[in-house]
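# Residue-level structure breakdown
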Amino acid sequence: MTAARLETTTALAADAIADLAVTALRAEADLTPKPGLVDRRGTGAHADMDLSMLHDSAESLRGAFTECASAAGDSDSAIDLRVRLGLIGRNGEETMLDATGGVNTHRGALWALGLLSAGAAVRGDMAGAIDVAALLAQIPDPALECDLTATMSHGARVRRRYGTSGAAGEAQAGFPHVRRHAFPALHAARRAGLDEASARLDALLSLVAHLDDTCVLHRGGPAALSAVQAGALAVRAAGGCRTPLGREHFTALDRMCLDRRLSPGGSGDLLSVTLFLDALDERTSPPCRP
């Protein structure tokens, strides 16, 4: 696949794929409540962004996601596509920063959903999109290898300091936290009859409980990460926010995030990935017959 022309097996249009990505970003932003993250209640642990900004940021990336999907249909090889995605991503990030006044709202989500948009354009189904995205993520971007400033992001510093894989490693491994934690939690909640917001919150808390979130590490270090993970695990173990004890643990987790200015933004990005892949699966899976 890296040398041969990419053979697409999907009829999904690029703008339809981009719409799934933007919708997923907006849905993650709108989900309320979320511990430490911007939601309909307020700005969470952030002093530089709010819900309106997140909506503007998501919409600003529509063009980048469309380009990622379009590029997948006419690239000569996976290597060629990876180079093109790098350029699209960097331009998309500039567009995002223009829309937010320089605030990094969705850099990690742009990386993940850009790869998956290309993957969805090549394969169409959820499993195929993940496989293609993982392959593309494993190909180095020549432009970044020559740009020393590209290694100076907060995420890169955290990865070097604490040995975490971060957003890059998550994509390269095929989004294991989404597959092993978020999806099972989301589907279990739906089977139990929970409303969609509660199911999505369960998925988010499962991610927070297990992900070495570089956003939390950046703000508070390993001790903060352990505390946030333990808090999310406590909510899950108590039955989630649908139980009185679960709500009590959630309130404590949320308060800790606010008091210590801790934001599990990496988990938020992966919830967007979860919702994108879930919508893609619903769109492309054959209808169930009685």
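Anything mentioned here points back to the structure above.
The following paragraphs examine the structure supplied in this document. All values derive from a computational prediction rather than experimental measurement. (Residues numbered from 1 in each chain as written. Predicted model: local features only at pLDDT ≥ 70, side-chain atom pairs only at ≥ 80, totals over all residues. Heavy atoms only, no water.)

## Focus: the side chain of Asp 278
To keep things clear, this is the line we draw: The helix and strand labels rest on DSSP assignments: H or I over at least four residues marks a helix, E over at least two residues marks a strand, and numbering proceeds from the N terminus. Two N or O atoms count as a polar contact when they lie within 3.5 Å, although within protein this holds only if one can serve as hydrogen donor and the other as acceptor, and sequence-adjacent residues are included solely when both atoms are side-chain atoms. Note on contacts: a residue pair qualifies if any of its non-hydrogen atoms lie within 4.5 Å across the two residues.
Counting through the fold element by element, Asp 278 comes out in helix α14 (residues 265-284). Within the local environment of Asp 278, its side chain forms a polar contact with the side chain of Arg 190, the two groups lying 2.9 Å apart. Once you skip the residues sitting within four places of it in the chain, Asp 278 turns out to touch Phe 183, Leu 186, His 187 and Arg 190.

## What to know about α14
Selection criterion: Take the number of residues in a helix, subtract one, and multiply by 1.5 Å to get its expected span. Only protein chains enter the calculation, and the probe is 1.4 Å; a residue is then buried if its accessible area is under 20% of its type maximum, exposed if over 50%, and partly exposed in between.
Here α14 contains 20 residues, and its C-alpha end-to-end distance of 29 Å stays within 8% of the 28 Å for a straight helix at 1.5 Å per residue. When you tally the buried positions in α14, you get 15 out of 20 residues, the bulk of the element.

## Brief notes about the packing of helix α10 (residues 176-191) against helix α11 (residues 196-210)
The cut-off we apply is this: Only the stretch in contact is used when fitting a helix axis, every axis being a line fitted to C-alpha atoms; angles between N-to-C directions are given from 0 to 180 degrees. Oblique is the label for any angle not under 35 degrees, not over 145, and not in the 65 to 115 range, which are roughly parallel, roughly antiparallel and roughly perpendicular in turn. Helix crossings fall into two classes, left-handed where the near helix is turned counterclockwise from the far one by less than a right angle and right-handed where it is turned clockwise. The residue classification treats Ala, Val, Leu, Ile, Met, Phe, Trp, Tyr, Cys and Pro as nonpolar and Asp, Glu, Lys and Arg as charged. All others, Gly included, are polar.
In contact at an axis separation of 8 Å, α10 and α11 are set at 150 degrees when each is read in the N-to-C sense. The angle between the axes of α10 and α11 places the two elements in the roughly antiparallel class. With respect to the hand of their crossing, α10 and α11 are arranged in right-handed fashion. Note on element contacts: α11 touches α10 through Glu 196, Ala 199, Arg 200, Asp 202, Ala 203, Ser 206, Leu 207 and His 210, opposite His 177, Val 178, His 181, Ala 182, Ala 185, Leu 186, Ala 189 and Arg 190. Here the contact of α10 with α11 is composed, by residue class, of 8 nonpolar, 4 polar and 4 charged.

## Overview of the pattern of salt bridges
Our working definition: The term salt bridge refers to a pairing of a side-chain nitrogen on Lys or Arg with a carboxyl oxygen on Asp or Glu at a separation within 4 Å.
Within this structure, the stated rule accounts for 15 salt bridges. For Asp 19, the salt bridge identified is with Arg 62, shortest N-O distance 3.2 Å. With Asp 19 in helix α1 (residues 14-30) and Arg 62 in helix α3 (residues 62-73), this pair connects stretches of sequence that are 43 residues apart. Overall, the relative accessible area of 26% leaves Arg 62 in the partly exposed class. Arg 200 is the salt-bridge partner of Glu 196, the closest N and O atoms lying 3.0 Å from each other. Taken together, the residues span about one helical turn, with Glu 196 and Arg 200 both in helix α11 at a distance of 4 residues. Judged by relative accessible area, Arg 200 falls into the partly exposed class, the value being 24%.

## With respect to the environment of Gly 42
Within the fold, Gly 42 resides in the loop between α1 and α2 (51-60). The spatial distance from the C-alpha of Gly 42 to the C-alpha of Thr 32 is 9.7 Å, given a sequence separation of 10 residues.

## Some words on the packing of α11 against α14
Running from N to C, α11 and α14 cross one another at 135 degrees; their axes reach a closest spacing of 9 Å. One element, α11, and the other, α14, form an angle in the oblique class. Crossing hand, α11 versus α14: right-handed. Residues Arg 200, Ala 203, Leu 204, Leu 207 and Val 208 of α11 pack against Ser 267, Gly 268, Leu 270, Leu 271, Thr 274 and Leu 275 of α14. Of the residues belonging to the contact of α11 with α14, the class tally is 7 nonpolar, 3 polar and 1 charged.

## What about helix α6 (residues 126-137)?
Under the 1.5 Å per step criterion, the end-to-end length of α6 is 16 Å for 12 residues, consistent within 8% with the ideal 16 Å. When you tally the buried positions in α6, you get 9 out of 12 residues, the bulk of the element. N-cap assignment for α6: the residue whose side-chain oxygen lies 3.4 Å from the backbone N of Ala 127 is Asp 125.

## Considering the nonpolar core
Using the following cut-off: For the purposes of this section, nonpolar cores are sets of buried Ala, Val, Leu, Ile, Met, Phe, Trp, Tyr and Cys residues that join through side-chain atoms within 4.5 Å.
Phe 65, Leu 116, Phe 175, Val 273, Phe 276 and Leu 277 are the most contacted members of the largest nonpolar core, which totals 80 residues. In terms of residue count, the dominant contributor to this core is helix α5 (residues 107-122) (10 residues). With residues up to four places along the chain from it excluded, the contact list for Leu 277 reads Leu 116, Met 126, Ile 130, Val 178 and Phe 183. With 7 residues, the next largest nonpolar core counts Met 49, Leu 51, Leu 54 and Val 103 among its residues.

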